[in-house]
Amino acid sequence: MNKEPLVYIITNSYPEKKVMFSTYEFESVLDKYKNFRIISFSGYKNKNDKNNIIYLELKEGIKELFFPTKIKSIAVHFRQFKHIKSIRLMEFSKNIYSYLMALSILRKVDIKTDDLLFSYWLTRSSLIAFYLNKLIENEYICQGHGSDIYIYPPGKIKDILDSSKKIITVADNNCNFICNKYRISKEKVKVFRLGVSQEFYNEILEHKKVQKDNKKLKFLTVARYESVKGIDILLEAINLLVKTKKIKFNIEFNIYGDGSKYNDYKDFIERNNLEKYINLNKWINRKTLALELSQSNCYILPSRSEGLPVALMEACAASMPIIATNVGSVREIAINNYNAIICDDVNAVSICESINKFLNFDRKKVENLSISSSKVFQKNYILEKNLKEKYEYIQKVVNGN
């Protein structure tokens, strides 16, 4: 009796020290689908891992290159050089790393002809799948989310997309961008949205039973402290509001995150005497996030680039009005004048004006925005439903349907 073909998910985002938006997805897949495995090159290893997680090591790829168990002819590697070479040193080094990781997979994993590769990101994961396809001809699906499409795609992105069996992304705008920019048929690209798990949604609802502190109007932002997330723009916008005396001490901005710009942002707040308005916090755990979402009045997303942010899905699950920059596929979830205010530009003045606009809404308008956010969540962003559709589709691909 033939065994069911396996699907190998290639990722660097599982496991992680912090619970990420992808954590629930990976754990759900491993629990529900017996023919899925995770091939991980994450820097973090969990001692309590399930048996169907395979860790990669660079040294194993080097061993496979010089002491081969699968690819016996060195000529094969020379032929792959056309896919590895690059005039940019940084890209060249990333390509070499990805190629060695592909060789590491060959050394550690007994991939059969009918097995399918699924690269979770369009960056190194897809490059690894691409190299494996060139070495052993296994088909692969690649997936793009946000910055891996718009800002940090691999140099070989066109080749990767062309060679893939199918392409998955999380938003309609992403699909249009990929098809138009790289001349990909829309028949090849499928959109499966992310979402908020029922468990997390229930936590938010439990916290909502506790009455809000109406003494302060609370804005919430959760993001990495990196330039792409635009926290610096938000801080400048708040500074403008304070200087023009458009906000009072009964308003606070709670920002949570982690990253290389934390000290820069903290210094900005101190230099401009904004401590009375802004709480700049380190990373938030999921339990505290559920509480903050339930007790805040409005979510602000000031990003310079996004795909379709899970943070906005969580804001909608908490029935929160949204203020957001018009980047990536944000407008598919933050709909202007329905559940959100979309900033005209990605700059401090535009965000300042949007915050001021929200502050001048009457109670009825804010309630309507809140109700609309809840409707957006219920219609499109229930995670369990979206994951079921996505992984049933992948099952059909691996089984040749």
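Residue numbers run consecutively from 1 along every chain, following the written order of its sequence. Predicted model: local features are reported for residues with pLDDT of at least 70 only, side-chain atom pairs are reported and counted for 80 or more only, and whole-chain, interface and lining totals are derived from all residues. Computation of side-chain values: all heavy atoms of the structure, hydrogens and water removed.

**Re the overall build of the protein**
1) Next: Strands are runs of DSSP state E lasting at least two residues, helices are runs of H or I lasting at least four, and both sets are numbered from the N terminus onward. On a plain count of helices and strands, the protein comes out with 16 helices and 13 strands.
2) Next: Atoms counted for the radius of gyration: C-alpha only. Globule rule: 2.2 Å times residue count to the power 0.38. A compact globule built from 401 residues should have a C-alpha radius of gyration of about 21 Å, and the protein, at 23 Å, falls within 12% of that.
3) Next: The dimensions of the protein, computed from C-alpha atoms along their principal axes, are 70 × 45 × 45 Å.
4) Next: Working definition: with a 1.4 Å probe on protein chains only, accessible area under 20% of the residue-type maximum means buried, over 50% means exposed, and in between means partly exposed. Burial analysis of the protein (401 residues in total) assigns 53% to the buried set.
5) Next: Note on contacts: a residue pair is in contact if any heavy atoms of the two residues lie within 4.5 Å. Sequence-distant contacts in the protein: of pairs separated by 6 or more residues, those separated by 24 or more amount to 71%.
6) Next: Note that accessible areas follow from Shrake-Rupley with a 1.4 Å probe, and for residues the cover is restricted to the protein chains shown. By element, 49% of the accessible surface of the protein is carried by carbon and sulfur atoms, the whole surface being about 19300 Å².
7) Next: Charge assignment: positive for Lys and Arg, negative for Asp and Glu; neither His nor the chain ends contribute. Every charge is mapped onto a representative atom, which is NZ of Lys, CZ of Arg, CG of Asp or CD of Glu. With 64 positive and 45 negative side-chain charges, the protein shows a spacing of 1 Å between the two charge centroids.

**Remarks on unusual backbone geometry**
1) Next: Cis geometry is found at the peptide bond from tyrosine 14 to proline 15, where omega equals -10°.
2) Next: For proline 15, the position within the fold is in the loop between strand 1 (7-11) and helix 1 (21-32).
3) Next: One non-glycine residue, arginine 183, lies in positive phi territory at about 55°.
4) Next: Residue placement: arginine 183 occurs in the loop between helix 8 (172-182) and strand 7 (189-191).
5) Next: Unusually for a residue other than glycine, lysine 245 sits at a positive phi of about 60°.
6) Next: As for its position among the elements, lysine 245 is in the loop between helix 10 (231-243) and strand 9 (251-256).

**Looking at the sheet that holds strand 8 (residues 217-222)**
Strand pairing within a sheet occurs via backbone hydrogen bonds; the two strands may be parallel or antiparallel.
1) Next: In this analysis, strands are considered paired if DSSP registers two or more bridges between them. Strands sit in the order 10-9-8-11-12-13 across an open sheet of six strands; the sheet is parallel. One side of each edge strand has no neighbouring strand; the edge strands of this open sheet are strand 10 (278-281) and strand 13 (340-343). Here the strands of the sheet are splayed against their neighbours by 20° on average, with no regard to which way each runs.
2) Next: Where strand 8 and strand 9 come together, six bridges link them in parallel fashion. Bridged to leucine 217 within strand 9 is isoleucine 251.
3) Next: In the packing of helix 12 (residues 286-295) onto the sheet, the strands contacted are strand 8 and strand 9, and the crossing angle to strand 8 comes to about 140°.
4) Next: Each of strand 8, strand 9, strand 11 (298-301), strand 12 (322-325) and strand 13 is contacted by helix 14 (residues 348-359), which is oriented at about 160° to strand 13, the strand it contacts most. Convention adopted: a line fitted to C-alpha atoms gives each axis, helices being fitted over their contacting stretch, and angles between N-to-C directions are expressed from 0 to 180 degrees.

**Considering the environment of asparagine 138**
1) Next: One can find asparagine 138 in the loop between helix 5 (124-136) and strand 5 (140-144).
2) Next: Classification of asparagine 138 by relative accessible area gives buried; the value is 3%.
3) Next: Placed 153 residues apart in sequence, asparagine 138 and leucine 291 show a C-alpha to C-alpha distance of 45 Å.
4) Next: N or O atoms within 3.5 Å of each other form a polar contact, as long as, within protein, one can give a hydrogen and the other can take it, and as long as residues adjacent in sequence are counted only when both atoms are side-chain atoms. Within polar-contact distance, the side chain of asparagine 138 engages the backbone oxygen of lysine 112 at 2.7 Å.

**Comments concerning the pattern of salt bridges**
1) Next: Here a salt bridge means any side-chain nitrogen of Lys or Arg lying within 4 Å of a carboxyl oxygen belonging to Asp or Glu. Under the counting rule described, the total for this entry stands at 19 salt bridges.
2) Next: Salt-bridge contacts for glutamate 252 lead to lysine 216; the nearest nitrogen and oxygen are separated by 3.4 Å. Of the two residues, glutamate 252 sits in strand 9 while lysine 216 sits in the loop between helix 9 (198-208) and strand 8, which places them 36 residues apart along the sequence.
3) Next: With its nearest N and O atoms 3.1 Å apart, the salt bridge here joins lysine 385 to glutamate 389.

**Things to note about a nonpolar patch on the surface**
1) Next: The grouping of Leu58, Ile62, Phe66 and Phe67 at the surface amounts to a nonpolar patch, some 430 Å² of accessible area in total.
2) Next: In this fold, isoleucine 62 is placed in helix 2 (residues 58-66). What goes into a patch is any residue over 30% in relative accessible area without a salt bridge, connected to like charges within 9 Å or, for nonpolar side chains (Val, Leu, Ile, Met, Phe, Trp, Tyr), within 5 Å.

**Regarding the side chain of threonine 23**
1) Next: On the secondary structure map, threonine 23 appears in helix 1.
2) Next: One polar contact links the side chain of threonine 23 to the main-chain amide nitrogen of methionine 20, over a distance of 2.9 Å.
3) Next: The contacts of threonine 23, once residues within four sequence positions are left out, are Tyr14 and Lys18.

**Section: the pairing of strand 11**
1) Next: With burial as the criterion, each face of strand 11 is covered, one bearing Cys298 and Ile300 and the other bearing Tyr299 and Leu301.
2) Next: Alignment of strand 8 against strand 11, held across two bridges, turns out to be parallel. Across the sheet, leucine 220 pairs through a bridge with tyrosine 299, a residue of strand 11.
3) Next: Sheet topology note: the strand 11/strand 12 ladder contains three bridges and is parallel. Bridging from a neighbouring strand, tyrosine 299 pairs with isoleucine 322 of strand 12.

**As for the sheet that holds strand 2 (residues 36-40)**
1) Next: Read across the open sheet, the seven strands follow the order 3-2-1-4-5-6-7; overall the sheet is parallel. Every interior strand has two partners, whereas the edge strands, strand 3 (53-55) and strand 7, have only one. Each neighbouring strand pair of the sheet contributes to a mean axis angle of 25°, computed without reference to strand direction.

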